[in-house]
Amino acid sequence: RIGKRRYEQTTETFVYNAVSELLQNSIKHSNATSCKVSLEESTTDLVISLSDDGTNGTIYPIKYGHGLTHINSRAEALGGLFSFHLDNTGASAELRIPLS
């Protein structure tokens with residue numbers, strides 16, 4: 001929640017699970033020394049962003065495993081969007097969930 005506002009249980013559960021998965025990916029794969037998570041509310045969307053400064057060592061292009069695939073499909077089921085970017089300066093992810 002942001003302040004005193006609560007969201008639908010499905011949205012709160014999804015956000016919790018998605019952030020947990022993205023943090024686990026950062027810990028497991030990135031060799032990052034820092035990771036930033038932000039949660040913001042616009043007039044239309046709940047926006048969750050995560051970025052790290054990891055070296056990643058991942059082969060390009062990115063292959064979505066079960067975790068990222070699940071985040072993407074669940075975001076779409078809620079009418080939202082999921083984006084993920086990876087390069088040699090780190091990873092970044094953004095979730096946008098409509099507040100309707």
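If you're wondering where the values come from, they're calculated on a predicted model, not measured in any experiment. (Residues numbered from 1 in each chain as written. Predicted model: local features only at pLDDT ≥ 70, side-chain atom pairs only at ≥ 80, totals over all residues. Heavy atoms only, no water.)

## Notes on the pattern of salt bridges
This model, assessed by the stated rule, comprises 4 salt bridges. For R6, the salt bridge identified is with E12, shortest N-O distance 2.5 Å. Across the salt bridge formed by R96 and E94, the nearest N and O atoms sit 3.2 Å from each other. E94 sits in the partly exposed class, given a relative accessible area of 27%. In this structure, a network of salt bridges that share partners links the residues D45, E94 and R96. (Salt bridge = Lys/Arg side-chain N within 4 Å of Asp/Glu carboxyl O. Buried < 20%, exposed > 50% of the residue type's maximum accessible area, 1.4 Å probe, protein only.)

## Considerations on the nonpolar core
Most often, soluble globular proteins have nonpolar side chains that are buried together. Counting 16 residues, the largest nonpolar core has F14, L22, I71, F82 and L95 as the members making the most contacts within it. The element that contributes the greatest number of residues to this core is helix α1 (residues 9–29), accounting for 5 residues. Here F14 is in contact with I71, R74, A75, L78, L95 and I97, once residues within four sequence places are set aside. (Core = buried A, V, L, I, M, F, W, Y, C linked by side-chain atoms within 4.5 Å. Helix = DSSP H or I, 4+ residues; strand = E, 2+ residues; numbered from the N terminus. Contact = heavy atoms within 4.5 Å.)

## Focus on the pairing of strand β4 (residues 90–98)
As a general feature of sheets, a regular strand has side chains that alternate between the two faces. Pairing of strand β2 (residues 45–52) with β4, which is carried by 7 bridges, proceeds in the antiparallel orientation. Bridged to D45 within β4 is P98. Where strand β3 (residues 81–87) lies against β4, 7 bridges are found, and the strand directions are antiparallel. Bridge pairing in β4 places L81 opposite R96. Connecting β3 to the next strand, β4, in antiparallel fashion are 2 residues. (Pairing = 2+ DSSP bridges.)

## Considerations on the sheet that holds β4
Judged by pairing direction, the sheet is antiparallel, and its 4 strands sit side by side in the order β1-β2-β4-β3 without closing on themselves. Strand pairing shows two members of the sheet lacking a second neighbour, β1 (35–41) and β3, which therefore form its edges. Between one strand axis and the next, the sheet turns by 10 degrees as a mean value, whatever way the strands run. Relative to β2, β1 runs antiparallel, the two sharing 7 bridges. Its bridge partner lying in β2, E40 is registered against V47. Packing against the sheet, α1 makes contact with β1, β2, β3 and β4, and its axis sits at approximately 10 degrees to β2. Relative to β3, helix α2 (residues 66–77) is tilted by about 150 degrees, and along the sheet it contacts β3 and β4. (Axes fitted to C-alpha atoms, helices over the stretch in contact; angles between N-to-C directions.)

## Remarks on α1
Between its first and last C-alpha, α1 extends 30 Å over 21 residues, near the 30 Å set by a 1.5 Å rise per residue. Considered for burial, the residues of α1 that qualify are T11, F14, V15, A18, V19, L22, N25 and S26. Projection of α1 onto a plane perpendicular to its axis shows the buried side chains occupying an angular sector of 125 degrees, all on one side. Exposed and facing more than 90 degrees away from the buried side of α1 are Q9, Y16, I27 and K28. Those residues of α1 that are buried lie in contact with β1, β2, α2, β3 and β4. (Expected span 1.5 Å × (residues − 1). Arc of directions from axis to C-beta.)

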